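Each chain, written out:
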Amino acid sequence: MYAQAKASTSWNDVCHVNELVTNSGVCVLVDGIQIALFDVLVEGKHQYFAISNWDPIGQANVLYRGIVGSLQGNIVVASPLYKEHYVLATGACIEREDVSVHHYAVRVEQERVLVAL
Amino acid sequence: MTLSISPEKQRIVIIGNGMVGHHFVEQLINSNANFDITVLSGESRLAYDRVYLSSYFSGKTAADLALTDEETYQQWGVNAITDAWVNEIDRSNQIVTTKDGISYPYDKLILSTGSYPFVPPIPGNEQEHCLVYRTIEDLEAISASAAQSQVGVVVGGGLLGLEAANALKAAGLDTHVVEFAPQLMAVQLDAMGGALLKDKIESLGVQVHTQKATEAIEAGEQCRYRMKFADGSHLETDMVLFSAGIRPSDQLARQFGLTVGERGGIVIDNQCKTSDPNVYAIGECALWEKRIYGLVAPGYAMARAAVASLTHAEGEFAGADMSTKLKLMGVEVGSIGDAHGRTPGALVYTYHDQPAGVYKKLVVDANKTFVLGAVLIGDTSDYDTLLQYTLNTIELPEAPEALILPSSGEKPMLGADALGDSATICSCHNVSKGDIVDAIESGSCSLGDVKSCTKASTGCGGCSALLKNVVDAELEKRGVEVSKAICEHFNHTRQELYHLVQVEKIDTFDALLNKHGKGLGCEICKPAAASIFASVWNDYILRQAHQPLQDTNDTYLGNMQKDGTYSVVPRVAGGEITPDKLILLGEVAKEYNLYTKITGGQRVDLFGARVDQLPAIWKKLVDGGFETGHAYAKSLRTVKSCVGSTWCRFGVQDSVGQAIDLENRYKGLRAPHKIKFGVSGCTRECAEAQGKDIGIIATENGWNLYVCGNGGMKPRHADLFATDLDDATLVKYIDRVLMFYTKTADRLQRTSVWMENLEGGLDYLKSVVIEDALGICDALEAQMQNIADSYQCEWKTTIESPEALKRFRQFVNSDQPDSNIQFVTEREQIRPATSAEKYAGQQVIPVEIV
């Protein structure tokens, strides 16, 4: 909560792609911020997503431990605490219009996972 | 000071925020029209439920009674102001001004000022303990007064007066009701009904005095006051509660020149417009066709008519049904339509059972074709049917009297199917049967869904039984289709998926999804599939391919708590534990600073373990001889036992030994839901086995087996399944019951609900398990044996696998723990810190807001 807004986004090398778990999540710590990383296999291709690990409804750092799936065409994670769904691409909460989590740009380059902050 | 609001929208100002005023706002919001809405409430709180006001005395709080809150109004974009008593309306400039001098311009003004209790002009009626019954503040005053009183009198024997009397009686007062008319509830009941009601209420300890005109309230001799009556008699009391009817709050209308009725009430037309077309009046302050409506349903109908007028929609107020059904001090009372039979040519049927205290009167038209009205005392079970006949002018059967006669088999019941789509089910919220059918068509699949979707039965609640009938009947018609699909990804039940997995030898979720589903799956179908794989193939729960399917509890082999930590519960079979193991639990808890609590299942729960601590904690436990307790899984939890014949003077069998054997046999079984056992060593049943899925009670000759009980949200007593079994037969039967359950139950269906939904219920289950009616018992036993043989402790396997242990990290790129997990000490142990406690410990950097 005390992180300064940065003037420009910078790509952070966070881990090897082998650390990711297909169709599930892991968590990385970048500049004190917890980011949940998801590797989802859609029609044979890996798609990577990064959202904040903080569950704003359950008030705990747990989103990476949720079950990944799809809901009405959106790729989502269900909070392991109270099962609200967050759209991985946008951070929007499906059940609560007034709730969302940060999402971050993520890409894989030479087997390294990069997250933009 | 004048507050100007964005001028492009029409400005609606509503004076008053009672039930009707709130309903108006709600309807206006639902209409989606673009208005600037301001609510001015003279009370210090927003709308609350006055219908259930007396529940305040049975423990409900003001918050329980609230119909809305500031947050909701804010979300709706409604500007709601409390304590905003309006004392001026400038109709030519269209501005209202509150007592604080704040002005609000309006394009349309809604008067929803309600009513005030009528206090008869009796000398002495303004004394300290002479009160009224209308607002929450009134209730607070009544409570305070009752605390200093022994005797209480309610003046007024109408509906509200009797409610008030009930409140006084509940407060422990010697309670009296004084009524001016010759009978109670003279508006709704005939003389006979009123007399019977009086008898009933008196037998409950409330004295009823009819035909008493109070002349004065003076100082008393035994009590605080003495009420003097016109006939020369008197009654002593410590407090007086006036509930002698209501008067419309029409002062503003009178003062600022709107037309009011001779005896009060703001005159309105069918659109609820007053004599000024920019001013509407709704609810108890309004006078329509020389009538004031003192019930909530007509007020709601007026609110809807006013909204329709404002949004140029269809719908006018056309009068309202005043039928009521209620329970007064436990006495059922119902009144429908023309209860007095005043319609010319009306004919009457009556049924009176004096010993049982039941009186029913049916009023029909001269041709005996339609119901005009009814009175029901002591038994209102016919109310819904009669009301439907009345409201929807349904033709009467051949012998109308059958409608009120006690059912002797051939009662012409008006089932849900007899009602047309236009039939009104809930008159408070104007919900027709068609609306309910629509709600079900568009996805509501339970009574709760229908209620929240249509609002039916959320007003007075009088239609709840009828609503349930309609919903049940409609769901039954399409029940199979509605509840069949487990989620949007599979159009199958869990049972069907189980069979598919077994028959087609499917062992991965991807294969199951490719073959039978669509999309990517979700948190419903994935764990269900994982549980099926575990049941059918008894796969190691952490197998790589299954890992993403598991709920977090199964993935991390612990129960996630609110702060993201986990609990640790090792198995303590039968509740038997050695001192050394007990010490080990204590040592581990101490080393990792875990909160320690004894569970209801005779074991020890250690809370507050971070995900990265779990492997080390479990390594210590496993090394010390513990194994996982599956407290996180849909599987066998515990087998609770009493100490049995080994120690107990009364025990007839070794219940602890039996419990340990059973727990060890079934501990690996993955099932649709959790399973609990209990084994009692004698009929005293100290292990509470009859509250368990599988309950075993020792007899002189062996064991009695009970099945399908549970505690929890909806407790169910287990059913006796077989008696005096020997050990081998007992295990055989349990194998069969549990395996049959595992294969056929729905996802998250406990054994109790499963059995109740089995066609044929307990008898069918007995025929399958005991008589082998399906010829599957050998297969069921073999499958269970296979599961028992391939058991492995998931924690032992996990801590031996470096690959599996990688999962137990908060961060893949850091060894830091989650800084949000913080504890404080309470009763000498840890508990999660509240967010206030967390921030209090942090250094807050001051921020300048610019």
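In this numbering scheme, every chain counts its residues from 1 along its sequence in written order. As they are written, the chains are lettered A onward and the ligands numbered 1 onward, keeping that order. Reporting of local features is limited, given that this is a predicted model, to residues whose pLDDT is at least 70; pairs of side-chain atoms are given and counted only at 80 or more, and all residues count toward the totals for whole chains, interfaces and linings.

S.K.: Help me understand the overall build of chain A, please; the structure alone is not making it clear to me.
M.R.: Secondary structure elements follow DSSP: runs of H or I no shorter than four residues count as helices, runs of E no shorter than two count as strands, and numbering proceeds from the N terminus. Along the backbone of chain A there are zero helices and 12 strands. The secondary structure elements of chain A, listed N-terminal to C-terminal, are β-β-β-β-β-β-β-β-β-β-β-β. With 117 residues in all, chain A has 40% of them scored as buried. This entry defines residue contacts through backbone-placed C-beta atoms, with two residues in contact when those atoms are within 7 Å. Taking as baseline every contact in chain A between residues at least 6 positions apart, the subset at least 24 positions apart corresponds to 43%. Exposure in this text rests on C-beta crowding, where 20 or more other C-beta atoms within 10 Å of a residue's own make it buried, 12 or fewer make it exposed, and counts in between make it partly exposed. The C-beta atoms are placed from the backbone.

S.K.: I keep staring at the interface of chain B and chain A and nothing clicks. Help me out?
M.R.: The parts lose accessible area when they come together, and the size of an interface is often stated as this lost area. With 25 residues of chain B in contact, the opposing surface of chain A contributes 27 residues. For this classification, the nonpolar set comprises Ala, Val, Leu, Ile, Met, Phe, Trp, Tyr, Cys and Pro, the charged set comprises Asp, Glu, Lys and Arg, and every other residue, Gly included, is treated as polar. In terms of residue class, the side of chain B that touches chain A is built from seven nonpolar, 12 polar and six charged.

S.K.: Got a minute to help me understand helix H8 (residues 296–310) of chain B in this structure?
M.R.: Residue and element names in this part refer to chain B. In this model H8 runs 21 Å from its N-terminal to its C-terminal C-alpha over 15 residues, within 8% of the 21 Å that 1.5 Å per residue would give. The element H8 is extensively covered by neighbouring structure, given that 14 of its 15 residues are classed as buried. His312 lies just past H8 and shows a positive phi near 55°. For a helix, the expected span equals 1.5 Å multiplied by the number of residues minus one.

S.K.: Any chance you could explain the sheet that holds strand E4 (residues 45–52) of chain A here in plain terms?
M.R.: Reading across the sheet, the four strands line up as E2-E3-E4-E10 (chain A) and stay open at both edges, with antiparallel pairing between neighbours. Of all strands in the sheet, those bounded by a partner on one side alone are strand E2 (24–30) and strand E10 (103–104) of chain A. At least two bridges found by DSSP between two strands is the condition for calling them paired.

S.K.: What's the story with the nonpolar core in this structure? I'm lost.
M.R.: The nonpolar side chains of a soluble globular protein tend to be buried, and buried together. Working definition: the nonpolar core is a set of buried Ala, Val, Leu, Ile, Met, Phe, Trp, Tyr and Cys residues, joined through C-beta atoms within 7 Å. Residues Leu37(A), Tyr86(A) and Ala529(B) are the most contacted members of the largest nonpolar core, which totals 79 residues. For Tyr86(A), the contacting residues outside a window of four places in its chain are Ile51(A), Leu63(A), Val76(A), Val77(A), Gly91(A), Ala92(A), Cys93(A) and Val101(A). In this structure, Ala80(B), Ala281(B), Leu287(B) and Tyr300(B) belong to the second largest nonpolar core, which totals 69 residues.

S.K.: Help me out: how do you make sense of the sheet that holds strand E14 (residues 225–229) of chain B in this one?
M.R.: Sheets are built from strands paired through backbone hydrogen bonds, the pairs being either parallel or antiparallel. Residue and element names in this part refer to chain B. The three strands are arranged E13-E14-E15 in an open sheet whose pairing can be described as antiparallel. Edge positions in the sheet fall to strand E13 (214–219) and strand E15 (234–237), since each of these pairs with one other strand and no more. Each adjacent strand pair in this sheet contributes to an overall mean axis angle of 20°, direction not counted. Pairing analysis gives five bridges linking E13 to E14, with the strands arranged antiparallel. In the sheet register, Ala216 faces E14, and the bridge partner there is Lys228. Axes, fitted as lines to C-alpha atoms, cover a helix only where it is in contact. Angles between the N-to-C directions of the axes lie from 0 to 180 degrees.

S.K.: I'm lost on the packing of helix H13 (residues 494–503) of chain B against helix H15 (residues 525–537) of chain B in this one. Help?
M.R.: What describes two packed helices is the angle between their axes and the distance between those same axes. Residue and element names in this part refer to chain B. The interhelical angle for the contact between H13 and H15, taken along N-to-C directions, is 50°, at an axis separation of 10 Å. Looking at the two axes, H13 sits oblique to H15. Classified by chirality, the crossing of H15 by H13 is right-handed. Only Ala528, Ala529, Ile532, Phe533 and Val536 of H15 make contact with H13, whose side of the interface consists of Arg494, Leu497, Tyr498, Val501 and Gln502. Of the residues assigned to the contact of H13 with H15, the class counts are eight nonpolar, one polar and one charged. Note on terminology: angles under 35 degrees are roughly parallel, angles over 145 are roughly antiparallel, angles of 65 to 115 are roughly perpendicular, and the others are oblique. In this scheme the handedness of a crossing depends on how the near helix is turned from the far one: anticlockwise by less than a right angle means left-handed, clockwise means right-handed.

Interpretation note: all reported values are geometric properties and have no functional meaning in isolation.
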